[in-house]
Amino acid sequence: MAFSSGAQRDLYYAKETSYGVGPSPLDMTEVRNTEDTISLVRDSFVSDERRGDRGIHDMRLGNKQPAGDISFEFSYGAFDDFLLAGLGASAWVAPYTDLTVNVIVDADEKTYTRATGSWLTSGVKVGDTITVTGLTTTADNITAKVTAVTATILTFGDATGLADITVAEGGVFNTDARVIKKGSTVTSFAIEKAFTDVTEYQLYTGGIVNTVNLEVSPNAMITGSFGMMFQDAENGGTVYHNDITGVVTNRPFDAFTGYIKENDTTNSIASSLSISLDNGFERNFVLMQNTAPQMTSGKSNVTGSVTLYFSDSIIYDKFVNETESSIELRLADDENNGYVITLPRIKYTSADTPVSSDGAIINTMNFQALDDETEESNIIIRRQPKIA
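Since we're looking at a predicted model, the values are computed, not measured.

Conventions we followed
- Residues numbered from 1 in each chain as written.
- Predicted model: local features only at pLDDT ≥ 70, side-chain atom pairs only at ≥ 80, totals over all residues.
- Heavy atoms only, no water.
- Helix = DSSP H or I, 4+ residues; strand = E, 2+ residues; numbered from the N terminus.
- Buried < 20%, exposed > 50% of the residue type's maximum accessible area, 1.4 Å probe, protein only.
- Areas by Shrake-Rupley, 256 points an atom, 1.4 Å probe, with all protein chains shown as cover.
- Pairing = 2+ DSSP bridges.

Undergrad: Now, about the overall build of the protein chain: what can you tell me, with residues and values included?
TA: If you tally the helices and strands in the protein chain, you get three helices and 29 strands. Along the first, second and third principal axes, the C-alpha set of the protein chain runs to 95 × 55 × 40 Å. Out of the 388 residues belonging to the protein chain, those deemed buried represent 43%. By element, 48% of the accessible surface of the protein chain is carried by carbon and sulfur atoms, the whole surface being about 19,400 Å².

Undergrad: Break down the sheet that holds strand E8 (residues 111–114) for me, with residues and values.
TA: As summarised here, the arrangement of the seven strands in space is E10-E9-E13-E7-E8-E12-E11, forming an open sheet in which the pairing is antiparallel. Lying at the two open borders of the sheet, with one neighbouring strand each, are strand E10 (143–145) and strand E11 (148–149). Direction of pairing for E11 relative to strand E12 (residues 153–155): antiparallel, over a ladder of two bridges. When the sheet's bridge partners are listed, Val149 is paired in E12 with Leu154.

Undergrad: If you had to explain unusual backbone geometry to someone new, which residues and values would you point to?
TA: A cis amide bond, omega 0°, links Ser24 with the succeeding residue Pro25. Take Pro25: it is sitting in the loop between strand E1 (9–15) and strand E2 (28–30). Positive phi outside glycine occurs at Asp98, with the angle close to 50°. As for its position among the elements, Asp98 is in the loop between helix H1 (80–87) and strand E7 (99–106). Take Asp98: its relative accessible area is 48%, and that puts it in the partly exposed class. Even without glycine at this site, Asn263 takes up a positive phi of about 55°. With respect to the helices, strands and loops of the structure, Asn263 is situated in the loop between strand E20 (258–262) and strand E21 (265–266). Assessed through its relative accessible area of 39%, Asn263 is described here as partly exposed.

Structure, rendered in C-alpha cells:
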C-alpha cells in the first residue's frame with residue numbers, strides 16, 4: 001500500500017458562478033502554495049443518556065464546517081482572485097483614466113511638470129506604468145514606469161529619446177495599474193485537493209476568503225495566508241476538475257526591493273511588518289440541512305504590527321498622543337511587477353520597547369486600520385504590471 005506524499009499533492013481552484021455552485025465544466029487553475037490546512041470539520045455530540053451501566057452508547061456529528069488556511073510565498077499575479085475576494089471588491093479598476101494635463105518636459109531630467117493640479121491627487125504612484133498620448137511633441141508620447149512623483153513633477157527615470165517642451169502642451173495620461181478597495185461583493189471558490197500518487201481527491205465548495213495575512217521580514221521572501229471557510233466537502237477516487245490552467249510563475253517577492261512608508265515618509269528603520277484582514281464571516285445554519293446555505297460577513301477589520309529599531313520617539317509619540325498615521329508598502333519583483341498596499345488611516349494601539357539583551361532595542365507598534373473618508377476604504381491594493 002502506497003502512502004501519499006505532500007510533495008505530490010496539487011491544489012486547484014475555480015471561481016464559482018454562485019455560492020456553492022462551480023462552473024460547468026469545472027475548469028480550474030493551479031494554486032501556488034507552501035502548505036494548506038483545509039479539512040472537513042464537524043462538531044461531535046456525545047449522548048448524555050443514562051442506562052445504569054456507566055456506558056456511552058452513542059454520539060452524533062454536527063453540521064459540516066470545512067475550513068483551513070492556504071499558505072503561500074507572495075508573487076505577482078498568482079493570487080489576484082483571492083485578494084479581490086478577501087477585500088470584497090467586485091473588480092480590479094484603473095485608479096485614473098484619461099488624465100488630460102498641460103505639461104512641460106525636461107528631457108535631461110526625464111520629468112513632466114504640470115502647472116496646475118496635482119499628480120498625487122490624481123492618484124499617480126511610483127511603479128505605475130503610464131502611457132502618454134496627445135502631445136504635439138511626439139517624442140514625449142511614451143510608455144514608461146513612474147520612478148518618482150511629487151504634486152507637480154512626474155519622473156520617468158528609464159525613459160529614452162525625450163525632447164524638451166518649454167511651452168506647456170496638453171497630453172493624456174493613462175495607466176495599466178489596477179486597484180481594489182474594501183467592498184461588499186461576496187466571491188466564492190471551489191478548491192480541489194489532488195493526492196495524485198494515491199488517486200484520491202477532495203472537493204471543497206462554497207469557499208469564502210475570511211482572512212488575509214501578509215508577513216514581511218528581513219532576509220526572507222514575503223509570505224502570507226488566506227483563511228478559507230467552505231460550505232461543503234466531498235471526496236472520491238476520480239478527479240473533479242475538467243481542464244487545468246498552469247500556475248503563474250513570477251518569482252516571489254523579497255523584503256528588500258520596494259519601500260515602506262509611514263505617514264508618507266520612507267521608513268528606513270522598520271525590521272518587520274505584518275498586516276491581517278479579518279472579514280468576520282459566520283455560517284448561517286438552518287434546520288434540516290447539514291451545510292450552511294449562506295455565510296454573512298462582519299466588518300472589514302484590518303490590523304497589524306510594525307517593528308522598528310528604537311532610535312527616537314517620533315513614531316512612539318503617535319501612540320502616546322493618539323495621532324493618526326498611515327502605512328504604505330510597495331513590493332517589486334525582478335521584472336518590475338509590483339503591488340502597493342496602502343493603509344491610508346491607522347492608529348497605533350501599543351508601543352512596546354522591552355529590553356532582554358545587549359542587542360538593538362526593538363519597538364513593536366501594533367495598529368488598527370480605519371476607514372479613510374477620501375479613499376472610502378481601510379485598505380487599498382494596487383497592482384502594477386511590468387511594461388508589456
